[in-house]
Each structure stands twice: as C-alpha cells, then as structure tokens.
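# Summary of the model geometry
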Amino acid sequence: MKISAYYDLALRPMAFNGAFLFMLALMLPGFMPPDNLAEPFFSYWGQEAMPRAVTYLLWRETLILPTAFGIVAGSMAASLRGVALAGTLPGVRRMVSLGTLQVMVVVLLITAYLHHGFGGHPLAAMGVASVLYAAWVLQPNGIQWNIIRLISTAALLLWFKPELLESAASAASLPIALLIPVSGAWLLTMMRDPAHLRRQALSPLTPQLPGWIRRADLGGIGRLSGAPNGGGVVSWFRTAARAGVGGIRSQFVLVPAWTAGFWSIFGYFLASPMTFMIYPLSLFSGSLRGLPGSLLYPVSRARRANVAYMCAAAFSLMYATIGGVTTWLMYTYTPFAGMMDEVPRLRPPLLTLIGVMTIAMPIAMLASLWPPIPEPTDRVKGWSMRLFLGVVVYFLCAAVALINHHRFMGALSPAQSLLVFALLSVLSHSIFLFILHRIYARRDLI
Amino acid sequence: MSYVEIENVTKKFGGKVALDSVSLRITTPSIVGLMGKNGSGKSTLLRHICGLQLPTSGVCRTLGTDTAVLDSPELSRIGIAHQHDSLIGWMSGGRLISYVSGFYATWDTALEERLVKLLEINRDAGVATSSPGNRQKLSLLLAVCHHPTVLLLDEPLSDLDPIARRDVIDVLIEEFQGHDVAIVISSHLLHDLERIAERIVCLDAGRVVADASLDELKEQYGSNLDTMFRRIVGASA
C-alpha cells in the first residue's frame, strides 16, 4: 500500500468539510484584531513592535490551525482504518501514522512561519500546536482518553485568554517546544497500536463526519406540507425541495436562518467580518437538490432537467442575494474594502489569494445576475461534479474580470454595465439549461 | 399491448459489459423470474426497463415507449423496488408513503393499509434507522400501491423473514396475478421464485442464457430451480 492512498482519501466527503474548516482556520481567527477593527491585520506585517491584538491573533491561529488540520487528518485516517478488514491491509497502520505525522509537520511549519513573521514564539507555538493536533487526530480514531478531552477543553479556554499562552511562551519557550517530539511519539504509538485498530474496525458505522456536524444535520428540519401534486415543473420543484429538507419553507427560510444564526454567533465571538463571507459559503451545504435519481418519479427526463435547473437557479438566487448583501455590508461597515485596495502590496501571498477569492466570488455572482449553481454532490454520477467545477471556473473568471473592472467597465455607463450583466446572465442560464437537458437525455439517473 | 421490448441491448460501464446483446419481450400479463449469479446484470436490466439507466446500444421500450423518453403517463404505470433500498433516509415511513403516494392518481389507500398491517410496517420509524428488512417492506409497498402495469422487483425478498416472504408472495399473487400486469422479479431465493414465476429468464455475465416457461425448463434441466440454475449457468460457462 502506497502512502498516496492516504492522500487519495482527500476526495472523501470529510475532506471536503475539512477543506472548508481549513479555510475557516486561515480566515476567521481575528482577521481583524478584535480590539482594533479599524486597523487591518496585514498592516502589522513586518513591523517590529507587535501590538497586543496581533499577539492574540497569532495564538488563536496557533490553536485553530492544528484543530482544523487534526479534525481533517483524524477523520481521513478513521475512514480508512474503519473499513471492513482494515487490519488485513498490509502496512495500513504504518502508512496512516506516517500520513498523519506528515500533515503535522505542515501544521507546525505554518504555525512557525506565522510566528516568525510577526516576531512571536515559533518554537513554543509549534509545541502547543503539536499537542492539539495529536489530540484531534486521535479522537476520531477510537482513542478518547480524558487527557484528550482535557487538551481540547484547555484549548477552548485559552482561545479566550491567549495572553496566558503568550506569557507561558515568553517564560518557557524551550520546555514547551519539547512537546513536539512527545506529541509525535504519542501519535505514532497510538495510531500503530493494533488494539485501537481492531476496536475501530469492529464499529460498523465509522462516522464520516464529526459528531457535532452529524448532530447538526439539517435533514430533519421542516415538515411535509401535504402531498406533492403531479404535473407542472413548479410542483416537481416543490417535490424536490420536500425530498431535500422538507419543503420550500425549510429550504429558503429555516436553513438560511439556521445558518445565519450560527455564523452570527460565531462571528460575534470572533469579532471577524470574514464571517459575512463564510455565511453564504456555508449555504452550499444546504443547497437545493433536484429530484433524487433513485426514486422512480413519474416525470420525464426533460422535465427532470427543468426541475434541476429550477432548483439550481432558485438556490443561486438566494445565495447570490445573501452574498451580495453581505458583500455590501462588508464594504460599508468594515475596513475590508480599503484592504482590498492594497491587494498588490499584501503579504503573505496565500492569505491574499484567499482574501481576493472570498470577496470577489460573491461579487461575481451578484454581478452575473445569479448564474445557476448545480449541486456539488454526485447524485447523477460524475457529470454533476464536472458541471459544478465548470460553474466554479466560470465564477473565478468572472471574479478575475471584476477585480479589474476599473479597466474595462470604467468606460461604460451604468445602463451599459447593466446590459452587459443581463446579457451575461441570459447567456450563462441558457448554456446551463442546454447542458442539463443534454445530460438528462443521455445519462443514467442511478 | 407489449409490456417490455428489449432488442439487442448492450450496456457498458466504462470497459465493463453489464448487458451483452440482451433481448427480451413480455407481451402478456405474466410473472417473469429473473435468475443469475451476482453481477450477472439482473439489476441493470430492471433499471433499463424503467428508464433509470439507458442502453449503450440497442432498443429498450416499455409500454410501447422508448425508455429514454418515458413520460408521466408511462412512468405512472411502472413500479420498482430496488435491491438496495434507495429511499429518503431522513423521513419517517409514514411521511415517505404520503410523499410518494402524492405522485400517483391511482394510489390504492386500502392496499397501503393492508400492506402496512400485514408486513407490520412502522409508520413512525425513521427510514434510515429501520432494519434492512423493514426498509425492503417499505420499498415494496411504495412500488405496488399505485397498481403498476409493469412491476419490477429487484431482490424483494432477500432481507425478509420467512413469514414476511410468504405474505409478500401471497399479496403479489392475489393482487396482480391474472390482472393486466407484467411482473419481473429477480431473486436468489429460487424456491420462492418457483412458487410464483411462470417464465424464467436466466442471465449470466450479462447475456440471456435461458428464457422459457418454468415447465419447459423443468422438462429440460430438472425438477427444481436449484438444479436447473446450476445446470444452466454451468452449461453457459
């Protein structure tokens, strides 16, 4: 078994959520220092005197990065170790252990890089991150000791008191750094222990998602409000919504409200305007699906294509509206717009790229007058993902164009700009509908 | 009227041939038993008949219409119970029944009640948390209660206990045999199949290796389906 097999698991559902958490980790933790919202994070880059707010930010990042990576790597490892007869795969324990250790190295390097850049405590930060990472990797892998719970709880408490970490690091940087080899050894020993692997393999339902995500499953929200009527596309659209989360009301009121509430609370505690961006992004998880292929709905393939189009368009309408409003709020009430003007001079490049993407994509969606977003899951075989990627590429192209809008849109009057957007919208909708009809006419539904 | 017409249908999944020049015609109301080893193409054939899957080549018609363009009038007359349940997991049994019943003007509430009682289906239990057997019962109920003209049952008995199996077979015979219905039922439970099937189609590696009435096959291969199956599959290998 090659170690690449471990990384192949990145395609699994948990990895998708993991990527989301990773972005979250990079963007959320006090992107703007909580006690100085008027001053962008990046303006401190390279300065000798590090304000207290940036110290807070660094240590919060030190806590959240290993947590996010640990959840992802731990769940990926669990999904591999949990398959039937996992114990019989040659070298599975060794490869999984090495894989998680490699990810740990990446986490520690990023942590050290951040602390080094801001004049923090790279060694001590790596020590803290290593312990936290190891705890989160081991937790979904059948090793749930009290010490792991203790570490997780301590990390949560330290989130609110990062100055304690700063004091400890200033006083005892090297002893804290010793936690790095200790964590590595702990991880390696536990993950290679056949007893834990056996215990996990006995569990028939190895969770693909962390428990808190599964418990927050939106599937149960809403009630069926009467039987769907046969006939028109609209009634089948309602039928699709019922299959998804229970109905139109759930889809367009309860789910967005639930998501908004969650991110508002999260954003309040983090004091980060980036939660405005995360909110519309998170709505992807509750996207409206077309008619599931497995049930034999008495509806033709052509009508199914129309229903799928309507689902995507309706969802996009909601998505783009929320995205547009939040983008406007960010530009109006946060210093983000000013920061975006400084894009070429920003450091580091990765954060810049993510910042540009998150701000530009909703603008692109709004400006394109809601081009439809297909469901990013694989309900009707692989074409669904390809179509999704196609639309993402479209969004990215539109985003790049919009970032440079001064160059090519400046010459247009508002009416002309509106016309361009309208044409773009009609074109994208027509192409999308055409592709959907071709797919539904030719491909298997199950 | 022709219920099912399949002419030289080949289905490929990538490089794998699932159906290889399969031809099958069902022109009279009957119960057709579909036999074959695992992976012989039984489920694929049933999915082609109802249009959920389309052939790579060949012609597949159900109720006189090409399965690629089946519309509401035809699809309302087809019922299918999948081998692996493909129900909406977050719903309760009762909610799912009310959801599906809304698709059909011909939904028979009396039959629904009878099956719920006979098969001891718990309307309040969540679909996802029900046992495989209970999900199979639910799947069966959803496939038959709108009185389909073409009923496709993919391993409908495999997860049921002996009493439920007998009840299901009795209901199928009582409700559908002698009516204007063609039933295609795939099963590995050959003794149960022997009780209801009038005609047997045997698939092996995606090809039809036997297609005859039960009596003809018994005469040719032996007295029971077990022996018959071994000989047919053995002969084709």
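Located above this text is the structure these notes cover.
Quick caveat: nothing in here was measured; it's all calculated off a predicted structure.

What counts, and at which threshold
- Residues numbered from 1 in each chain as written.
- Chains lettered and ligands numbered in written order.
- Predicted model: local features only at pLDDT ≥ 70, side-chain atom pairs only at ≥ 80, totals over all residues.
- Heavy atoms only, no water.
- Buried < 20%, exposed > 50% of the residue type's maximum accessible area, 1.4 Å probe, protein only.
- Helix = DSSP H or I, 4+ residues; strand = E, 2+ residues; numbered from the N terminus.
- Pairing = 2+ DSSP bridges.
- Contact = heavy atoms within 4.5 Å.
- Buried area = accessible area lost by both parts, 1.4 Å probe.
- Salt bridge = Lys/Arg side-chain N within 4 Å of Asp/Glu carboxyl O.
- Polar contact = N/O pair within 3.5 Å; in protein donor to acceptor, adjacent residues only side chain to side chain.
- Nonpolar A, V, L, I, M, F, W, Y, C, P; charged D, E, K, R; others polar.
- Axes fitted to C-alpha atoms, helices over the stretch in contact; angles between N-to-C directions.

Attention shifts here to the pairing of strand β6 (residues 78-81) of chain B. Remark: a regular strand shows side chains that alternate across the two faces of the sheet. All names here are of chain B. Because side chains alternate across β6, one face comprises the buried residues Ile-78 and Ile-80, and the other comprises Gly-79 and Ala-81, equally buried. Where β6 and strand β7 (residues 150-154) come together, 4 bridges link them in parallel fashion. Paired with Gly-79 across the bridge in β7 is Leu-151.

Our next topic: the interface of chain A and chain B. At the interface, 30 residues of chain A touch 28 residues of chain B. Interface area for chain A against chain B, summed over the two sides, is near 2400 Å², with a carbon-plus-sulfur share of 61%. The interface formed by chain A and chain B holds 1 salt bridge in total. Lys11(B) is paired through a salt bridge with Asp444(A); the nearest N and O atoms lie 2.8 Å apart. Run the count over chain A and chain B and you get 9 residue pairs in polar contact (both at pLDDT 80 or more). For the side of chain A that touches chain B, the elements supplying multiple residues, two or more each, are α12 (233-245) and α20 (414-442) of chain A. Of the residues forming the side of chain A that touches chain B, the biggest block, 6 residues, is contributed by α12(A). Classifying every residue of the side of chain A that touches chain B gives 14 nonpolar, 10 polar and 6 charged.

Residues and elements named next belong to chain B. Pairing in this open sheet of 6 strands is mixed, and the strands run β6-β7-β8-β3-β9-β10 from one edge to the other. This sheet does not close on itself; its edge strands, each paired only once, are β6 and β10 (207-213). In this sheet, adjacent strand axes meet at a mean angle of 15° when their direction is disregarded. Across 5 bridges, strand β3 (residues 30-36) lies against strand β8 (residues 182-186) in parallel orientation. Opposite Leu-34, over in β8, you have Ser-186 as the bridge partner.

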